[in-house]
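What follows is the residue order along each chain.
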Amino acid sequence: NEVSPTKQARGDSGKEPKLHRRWASSPLTRQNKQLNFRLQQSQITLFTKCAAMTPFSLSKVIKEEGGHSVSTKKKKTKEEIEAARALKVKKKEEEEKQRWRWWEEEKYEDGVKWKFLEHKGPYFPPGYQPLPDDVKFYYNGKPVKLSLPAEEVALFFAQMVDHEYTTKEVFRNNFFKDWRKEMTLEERQLIMDLNKCDFGELHAMHIKKVEARKNLSKEEKLVNKEANQKIVDEYGYCVLDHHRERIGNFKIEPPGLFRGRGDHPKQGMLKKRIQPEDVIINCSKGSRIPEPPAGHRWKEVRHDSTVTWLASWTENVQGSCKYVMLNANSKLKGEKDWEKYEVARKLKTCVDAIRAQYQEDLKSKQMGTRQRAVALYFIDKLALRAGNEKEEGETADTVGCCSLRVEHITLHDTLDGQKCVVEFDFLGKDCIRYYNKVPVTKRVFKNLKLFMENKQEGDDLFDRLNTQTLNKHLSSLMPGLTAKVFRTYNASITLQQQLKELGNMKENVAEKLLSYNRANRAVAILCNHQRAPPKTFEQSMANLQAKIDSRKEQLDLAKKELKQAKKEAKGSSDNKLLIVVEKKKKAVQRCEEQLLKMEVQATDREENKQIALSTSKLNYLDPRISVAWCKNMEVPLDKIYNKTLRDKFAWAIDMTEHDFVF
DNA sequence: TTGATGGACTCAGAAAGGTGCAG
DNA sequence: TCTGCACCTTTCTGAGTCCATCA
């Protein structure tokens, strides 16, 4: 009954057939359908409905690849086109020249992150602008002029009234409680019931502002863009060891209402405005210390080169630290990323021994050892997260492997013709539901039965285990090994295996990319990376289908015309007629190509409906696998990595040859 | 030695912003 | 050529993991 993570993720398949119709019944598609079904059945509440977000999909690729877009500008001369091309190449070369090739340099001694760090400090959001006189808040039908602090918080709520959040009781109660703290005594005495509050005019004003921003003229938008760019230029970069590095989040989070995911007990609480007096600055001793905003001072200025953050503050809702850190394309982040994949690659060399060990531990006389073995089996086979303990009542009720409770699994001696099936149903990170039915070995099954004996629904499944002891055990098996590494390892190895199985050199670029996306999708399914289906999904699929239908009609017509042209040219030596035949042939060919691309696009989009590819691409897949694949398959790298990803993975792009193996 | 705590970092999906294409 | 819209990219910030420190 053993199924490898790879097979688990993709279904036990061979190669994918090539045609659209046949794809619909491919194992991967079936798996996706099962996932969709699982999701529909579960009535999963994804915390909000996303507007129109699609992951990097083939559609973009196809558009780019098509590349024959008709220019709307005046036709450029050959010289102009050549000059533009040369400029682009030069710019690229220049960029490449300026890139800090940190991966070719010696690493610092342990713990030291930098020798020199200078920056301008964080950027603070603008202060509150009071409401205009004609925009009023009403309580119990009567206008009430609120004090500025109360008015600001009222506006936070008003901006969200058409969001699902404001219908939730917990959100409303938390908001009202915190709002009342901002009110004056008189306001508190008057405003006793949130249901009697009318935020209508405030909300309308907000909508109007959003609309106005949308409707700005080209020139006005440009002015705004330039102003924003100025802020980025000033605050968005730092100097780290003589190199200019982009900062990831240089803006202090503006005040607002806390938007916890799922049933977060603190949702709706007021996230207070951060002042310079709350902020700790970190920079090097000899550097120019950033100036706090006029009339303010920093909480502290420290010079700690063992950490990577530039500024930090404590947030009031959960009491956690927030940091200003570097962008993903920086040396500090890149080095760590590289290291992460190297540790995962190292696991490859000892994973067989570790698997043998936990199989053996399933028979241990020690209950703790057996629990650890089962947990490890789940982490390895299903890519579950470690599952740290959480403070009850402080966050939403989510779990990972070690924190699973009896209520989260159901054991089936037989299910759908399979023996020893474990049915998982729990909320994981970000309140994303994990639902899966997995056949396991008899020994694992027997152990689970034992762990559940004499326990209540709410009891811990692994009562003799926590993430600390699990990770301590793992690090004794391999230095640097933790539960998380299994996720990275299994994700990357799955991608590599899938690419090997699905790849076909004879395919065209669009088909190769579909294979890549499918391999990526297998990983996303394994890691349970979900997204809310785009609101416009059904409509856009219908639009695409209409286009496909119309293209099919065109193709039929083109074929008929070709047949006719051939008939007319038959036996004739008239050159004109032969030219017509050639033209018609090309038209048919063009139609066929376009139709194929659209069908590929439709398949890809359908399969991606509820799956987020970007998370695994960004965080779990060793980029060297993708770079090597592109080289081997002769697919341009920019078809799978956009500019941001190419920057983030510059180290991998530079060092990877076609023969790289994870 | 163990467990609690909190600091520092990675990972996560939603939402805002930008862009290019079709009509 | 213009405009609206769908799609892709970037930003935002919440939610995890893991480790050092301390009692």
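Residues numbered from 1 in each chain as written. Chains lettered and ligands numbered in written order. Predicted model: local features only at pLDDT ≥ 70, side-chain atom pairs only at ≥ 80, totals over all residues. Heavy atoms only, no water.

Our working definition: UniProt positions are given in the numbering used here, feature names are shortened, and annotations may be inferred rather than shown by experiment.
As annotated in an unreviewed UniProt entry, chain A carries the name DNA topoisomerase I and is attributed to Cyprinus carpio. Per UniProt, chain A has the following entry under Sequence similarities (unreviewed entry): "Belongs to the type IB topoisomerase family." Per UniProt, the comment on chain A under Catalytic activity (unreviewed entry) is "ATP-independent breakage of single-stranded DNA, followed by passage and rejoining."

## Considerations on the overall build of chain A
Our working definition: Helix numbers and strand numbers start at the N terminus; a helix is a DSSP run of H or I with at least 4 residues, a strand a run of E with at least 2. Burial classification: accessible surface area is computed with a 1.4 Å probe over protein chains only, and a residue below 20% of its type maximum counts as buried, one above 50% as exposed, and the rest as partly exposed. Throughout, a contact is declared for two residues whenever any of their heavy atoms are within 4.5 Å. Using the Shrake-Rupley algorithm and a 1.4 Å probe, accessible areas are obtained, with residue cover drawn only from the displayed protein chains.
For chain A, the helix and strand inventory stands at 22 helices and 15 strands. Expressed as a percentage of the 662 residues in chain A, the buried residues total 46%. The long-range fraction of contacts in chain A, counting pairs at least 24 apart against all pairs at least 6 apart in sequence, stands at 71%. Of the roughly 36900 Å² that chain A leaves accessible, carbon and sulfur atoms contribute 50%.

## Re the environment of Pro290
For Pro290, the position within the fold is in the loop between β9 (280-282) and β10 (300-302). Measuring from C-alpha to C-alpha, the distance between Pro290 and Pro126 comes to 18 Å, with 164 residues separating the pair along the chain. Setting aside residues no more than four positions away along its own chain, Pro290 makes contact with His119, Lys120, Gly121, Ile281, Cys283 and Trp298.

## What to know about the UniProt feature "active site" (unreviewed entry) in chain A
For clarity, the threshold we go by: The term polar contact refers here to a pair of N or O atoms within 3.5 Å; inside protein, the definition further demands a hydrogen-donor-capable atom paired with an acceptor-capable atom, and it admits residues adjacent in sequence only when both atoms are side-chain atoms.
Taking the numbering used here, the UniProt-annotated feature "active site" (unreviewed entry) corresponds to Tyr620. If near-sequence neighbours (up to four positions away) are discounted, Tyr620 is found in contact with Tyr341, Arg487, Thr488, Ala491, Ser492, His529 and Thr615. One polar contact links Tyr620 to Arg487, side chain to side chain, over a distance of 2.9 Å.

## Examining the sheet that holds β9
What links the strands of a sheet is backbone hydrogen bonding, and the strands pair in either a parallel or an antiparallel sense. Convention followed: When DSSP finds two or more bridges between two strands, those strands count as paired. Here, axes are lines fitted to C-alpha atoms. For helices the fit covers the stretch in contact, and angles between N-to-C directions go from 0 to 180 degrees.
Overall, mixed pairing links the 4 strands, which are arranged β10-β9-β11-β12 in an open sheet. On the outer flanks of this sheet lie β10 and β12 (321-324), each paired with one strand and no other. Taken pair by pair, the neighbouring strands of this sheet meet at an average axis angle of 20°, ignoring direction. Where β9 and β10 come together, 3 bridges link them in parallel fashion. Each bridged residue has a counterpart across the sheet, and for Ile281 the counterpart in β10 is Val301.

## Examining the nonpolar core
One recurring pattern in soluble globular proteins is that nonpolar side chains are buried together. We apply this condition: Here, nonpolar core refers to any group of buried Ala, Val, Leu, Ile, Met, Phe, Trp, Tyr and Cys residues whose side-chain atoms link them within 4.5 Å.
Judged by nonpolar contacts, the single largest core of 103 residues is most densely connected at Leu347, Phe378, Phe424 and Phe462. Each residue touching Phe462, except ones within four places of it in the same chain, is listed here: Gln371, Val374, Ala375, Phe378, Cys401, Cys402, Leu404 and Phe451. Counting residues in hydrophobic clusters, the runner-up holds 28 residues, among them Tyr139, Val153, Met160 and Leu194.

## A look at helix α16 (residues 509-526)
Let me state the cut-off plainly: A helix is expected to span 1.5 Å for every residue after the first.
With 18 residues, α16 should reach 26 Å at 1.5 Å per residue; the first-to-last C-alpha distance of 26 Å fits that figure. Of all 18 residues in α16, 18 are buried, a share of seventy percent or more. Capping the start of α16, Asn508 holds a side-chain oxygen 3.1 Å from the backbone nitrogen of Ala510, two or three residues further along. Asn528 lies just past α16 and shows a positive phi near 60°.

## Points about the packing of aromatic side chains
Selection criterion: The pairing test for Phe, Tyr and Trp rings, Trp by its six-membered ring, is centres within 6.5 Å, and the orientation test on the planes gives stacked under 30 degrees, edge-to-face over 60, and tilted for anything in between. Charge over a ring is defined by NZ of Lys or CZ of Arg lying within 6 Å of the ring centre and within 35 degrees of the ring normal.
Using the criterion set out here, one finds 26 aromatic pairs in the structure. Aromatic side chains Phe426 and Tyr434 sit 5.1 Å apart centroid to centroid with 25° between the ring planes, which places their arrangement in the stacked category. Overall, Phe426 belongs to the buried group, its relative accessible area being 6%. Taking relative accessible area as the criterion, Tyr434 reaches 7% and is therefore assigned buried. Taken together, the aromatic side chains of Phe137, Phe157, Tyr165, Phe171, Phe175, Phe176, Trp179 and Phe199 make up a single cluster linked through ring pairs. Its end group placed over the ring of Tyr108, Lys331 keeps NZ or CZ at 4.4 Å from the ring centre.

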